Amino acid sequence: MGVHKSETLPDVTYWLGLEIAKVDPVVDLDVMYKGSLELDFLYQLLTSKAQQHWWRVYGIQLSPVIINNAFFRAISMLHNRNIEFTRSRNSKETMWVKELLKR
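This one's a predicted model, so the numbers in the text were calculated from it and none came from an experiment.

Participant: Help me out: how do you make sense of the pattern of salt bridges in this one?
Facilitator: One pass over the full model with this rule turns up two salt bridges. K22 is paired through a salt bridge with E19; the nearest N and O atoms lie 3.0 Å apart. Taken together, the residues K22 and E19, both in helix α1 (residues 5–22) and three residues apart, mark about one turn of the helix. Between K49 and E19 there is a salt bridge, with the nearest N and O atoms lying 2.7 Å from each other. You can see K49 sitting in helix α3 (residues 37–58) and its partner E19 sitting in helix α1, a full 30 residues away along the chain. According to the relative accessible area criterion, K49 is partly exposed, its value standing at 38%. Each of E19, K22 and K49 takes part in salt bridges that share partners, so that together they form one network.

Participant: Help me understand the packing of aromatic side chains, please; the structure alone is not making it clear to me.
Facilitator: Here a ring pair, both rings aromatic, is described through the centre-centre distance and the interplanar angle of the planes. Scanning the model with the defined rule gives five aromatic pairs in all. Centroid distance F71 to F72: 5.1 Å. Interplanar angle 90°. Geometry classified as edge-to-face. Taking the relative accessible area as the measure of exposure, F71 reaches 0% and is therefore buried. One aromatic cluster in this structure is built from W15, W54 and Y58.

Participant: Help me understand α3, please; the structure alone is not making it clear to me.
Facilitator: Within an α-helix, residues lying three or four positions from one another point in the same direction, as the helix has 3.6 residues per turn. Given a rise of 1.5 Å per residue, 22 residues ought to cover 32 Å, and the 31 Å separating the end C-alpha atoms of α3 matches this to within 8%. If you check which residues of α3 are buried, you get L39, L42, Y43, L46, T47, A50, H53 and W54. The buried residues of α3 occupy one face: seen down the axis, they fall within an arc of 130°. The exposed residues of α3 that point more than 90 degrees off its buried face are L37, F41, Q44, W55 and R56. Phi turns positive one or two residues past the end of α3, at G59, with a value near 70°.

Cut-off values and rules
Counting of residues starts from 1 at the beginning of each chain's written sequence and follows it residue by residue. With the structure being a predicted model, the display of local features is reserved for residues of pLDDT at least 70 and the display and counting of side-chain atom pairs for 80 or more, all residues being used for whole-chain, interface and lining totals. The basis for the side-chain values is all heavy atoms of the structure; hydrogens and waters are excluded. Between Lys or Arg on one side and Asp or Glu on the other, a salt bridge is scored when a side-chain nitrogen of the former is within 4 Å of a carboxyl oxygen of the latter. The helix count covers DSSP runs of H or I at least four residues long, the strand count covers runs of E at least two residues long, and both are numbered beginning at the N terminus. Three labels apply to residues, based on accessible area from a 1.4 Å probe with only protein chains included: buried if under 20% of the type maximum, exposed if over 50%, partly exposed otherwise in between. Stacked, tilted and edge-to-face pairs are distinguished by plane angle, under 30 degrees for stacked and over 60 for edge-to-face with tilted covering the rest, among Phe, Tyr and Trp rings (Trp via its six-membered ring) whose centres lie within 6.5 Å. Under the convention used throughout, the expected extent of a helix is 1.5 Å for every residue step, that is, one less than its residue count. This arc is built from the directions going out from the helix axis to the C-beta atoms.

Shown next, in the form of structure tokens:
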């Protein structure tokens, strides 16, 4: 199953994003984004898991560059999505919806 590197990075990023979202207890993305011991632990755990998954399922040895970029892209993507979600929850546009729901 020949997968080009250009297709691999988005796939690994997406897979890691799903894995990060599944972590219990929920990851504090603000703390993670700034760097922490938890980030180091999560990095070690999930990059290893991704390596094993890609090797087992696709027979692909992920390069350290791909796995590193994918992990930090996934953290960044989830962090940005979290910021957008928080903004939308507090925005004026959603106030009218909240008012309707109160009725």
